[in-house]
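Analysis of the macromolecular model
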Amino acid sequence: MGDAADTEELARRAAAGDAAALDALLTCVRPDVVRRCARFLPCREDAEEAAQDVLLQVARKITTFQGRSRFSTWLYTVVANCARQKYRELRRRAAEQPAAIDASRYVDPRTTSVIAGSRIDLLEALERLEREHPHLVAPLVYRDICQLDYAEAAERVGVPLGTLKSRLHEARKQVRPWLSGSAWG
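This one's a predicted model, so the numbers in the text were calculated from it and none came from an experiment. (Residues numbered from 1 in each chain as written. Predicted model: local features only at pLDDT ≥ 70, side-chain atom pairs only at ≥ 80, totals over all residues. Heavy atoms only, no water.)

Section: the side chain of Arg36
Formally: Each helix is a run of H or I in the DSSP string that is no shorter than four residues. Each strand is a run of E no shorter than two, and both are numbered from the N terminus. The rule is simple: take the accessible area with a 1.4 Å probe, protein chains only, and divide by the maximum for that residue type; under 20% is buried, over 50% is exposed, in between is partly exposed. Polar contact is defined as a pair of N or O atoms within 3.5 Å, subject to the rule that within protein one atom must be able to donate a hydrogen and the other to accept it, and that residues adjacent in sequence are counted only when both atoms are side-chain atoms. Contact criterion: two residues are considered in contact whenever any of their non-hydrogen atoms come within 4.5 Å of each other.
Topologically, Arg36 is positioned in helix α2 (residues 19–40). According to the relative accessible area criterion, Arg36 is buried, its value standing at 14%. Of the polar contacts made by the side chain of Arg36, one reaches the side chain of Tyr76; its length is 3.0 Å. Beyond its immediate chain neighbours, meaning those up to four positions away, Arg36 contacts Tyr76, Val79 and Cys146.

What to know about helix α9 (residues 161–175)
Selection criterion: For a helix, the expected span equals 1.5 Å multiplied by the residue count minus one. Read the arc as the range of directions from the helix axis to the C-beta atoms.
Look at α9: 21 Å from first C-alpha to last across 15 residues, which is about the 21 Å you get at 1.5 Å a residue. For α9, the full list of buried residues reads Leu164, Leu168, Ala171, Gln174 and Val175. In a view along the axis of α9, the buried residues occupy a sector of 125°, so they form one face of it. Facing away from the buried side of α9 by over 90 degrees, the exposed positions are Gly162 and His169.

Some remarks on the packing of aromatic side chains
The following threshold applies: The aromatic pairing rule takes the rings of Phe, Tyr and Trp, using the six-membered ring of Trp, and pairs them if the centres are within 6.5 Å, calling planes under 30 degrees apart stacked, those over 60 edge-to-face and the rest tilted. Cation placement over rings: the criterion is NZ of Lys or CZ of Arg within 6 Å of the ring centroid and within 35° of the ring normal.
Inspection of the entire model under this criterion finds 3 aromatic pairs. Ring geometry for Phe65 versus Phe71: centroids 5.5 Å apart, planes at 85°, classification edge-to-face. In textbook terms, an aromatic cluster arises when at least three aromatic residues are bridged by ring pairs, as seen for Phe65, Phe71 and Trp74. For Arg36, the ring lying beneath its charged end belongs to Tyr76, and the centroid distance is 3.7 Å. The ring of Tyr150 has Lys165 sitting right over it, with the charged end atom 5.2 Å from the ring centre.

A look at the environment of Glu132
As for its position among the elements, Glu132 is in helix α6 (residues 119–132). Between the C-alpha atoms of Glu132 and Gln174, which are 42 residues apart in sequence, the distance is 9.6 Å.

Observations concerning the pattern of salt bridges
The condition is simple: Take a side-chain nitrogen of Lys or Arg and a carboxyl oxygen of Asp or Glu: if they are within 4 Å of each other, that pair is a salt bridge.
By the definition in use, this model includes 14 salt bridges. In this structure, Arg13 and Asp18 form a salt bridge, with 3.4 Å as the shortest nitrogen-oxygen distance. When its relative accessible area of 27% is taken as the criterion, Asp18 is described as partly exposed. Counted as one network, the salt bridges with shared partners bring together Arg84, Arg88, Glu127 and Glu130.

A look at the packing of α2 against helix α3 (residues 44–61)
What counts is decided by this rule: For every element, the axis is a line fit to its C-alpha atoms; helices are fit only across the contacting stretch, and the angle between N-to-C directions ranges from 0 to 180 degrees. When the near helix sits turned anticlockwise from the far one by under a right angle, the crossing is termed left-handed; a clockwise turn instead gives a right-handed crossing. Any residue outside Ala, Val, Leu, Ile, Met, Phe, Trp, Tyr, Cys, Pro, Asp, Glu, Lys and Arg is labelled polar, Gly included; the first ten of those are nonpolar and the last four are charged.
For the pair α2 and α3, the least separation of the axes is 9 Å and the interaxial angle reads 145°. By crossing handedness, the relation of α2 to α3 is classed as right-handed. Of the residues in α3, those touching α2 at Leu22, Leu26, Val29, Arg30, Val33, Val34, Cys37 and Ala38 are Arg44, Ala47, Glu48, Ala50, Ala51, Gln52, Val54, Leu55, Val58 and Ala59. When its residues are assigned to classes, the contact of α2 with α3 shows 14 nonpolar, 1 polar and 3 charged.

A look at the nonpolar core
When a protein is soluble and globular, its nonpolar side chains tend to lie buried together. To keep things clear, this is the line we draw: Nonpolar cores are built from buried Ala, Val, Leu, Ile, Met, Phe, Trp, Tyr and Cys residues. Side-chain atoms within 4.5 Å join them into one set.
Judged by nonpolar contacts, the single largest core of 54 residues is most densely connected at Val33, Phe40, Val54, Ile62, Phe71, Leu75 and Leu126. Among the secondary structure elements, those contributing two or more residues to this core are α1 (4–15), α2, α3, α4 (71–96), α6, α7 (137–145), α8 (150–157) and α9. Looking at which element gives the most residues to this core, the answer is α4, with 10 residues. Residues within four places of Ile62 in sequence aside, it is in contact with Ala11, Ala14, Ala15, Leu22, Leu25, Gln57, Phe71 and Trp74.

Details of the environment of Glu152
Position of Glu152 relative to the elements: it lies in helix α8. Relative accessible area serves as the criterion here: at 8%, Glu152 is assigned to the buried category. Residues Glu152 and Tyr142, spaced 10 residues apart in sequence, show a C-alpha to C-alpha distance of 8.5 Å. Glu152 has contacts with Arg70, Ser72 and Thr73, leaving out every residue within four places of it along the chain.

What to know about the confidence of the model for the chain
Heads up, the condition is: For every residue, the predictor assigns a confidence score, pLDDT, that lies between 0 and 100.
Residues of the chain with pLDDT of at least 70 account for 83%, and the chain-wide mean is 80. Segment residues 99–118 is flagged for pLDDT under 50; beyond a separation of four residues in sequence, or across chains, it makes 26 contacts in the model.

Below, the structure is given as structure tokens:
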């Protein structure tokens, strides 16, 4: 994503209304945004669509970035939300228009999540966790998917570090049985 200090400076300038800084920021973060969206969505086209949504949200909402946390932390929140929204949209579309899916086009052994046999398993598990234990979703997303450090994830969730660790432990315990081929086995 380039030099982190440069990215932070671009984000501050963009948040203050500097259009050139916003353009430079979007160009700078795009590869990382696509990579992070791909952690959620197994099909490259879907990940790229979600990345476009992220960049659009960043452009629209950059003025809400206040610099209290790092820009990367703020950005990963947008990534997680947009990727999960794209997944919901894809599921809704699939339910409305059931079609034969060529599994070989979507399943790539190199694109499996660190915590799930496939990202489809992971996204299904996140949806279920959201229904059953909504307060456990954010710790799992920020720590295990966005890979924020514990302190940053706790700041993002708005809870003390010990609470985050406790919720994360509980979230992993809940999700583990729902994931097929889990690395947490």
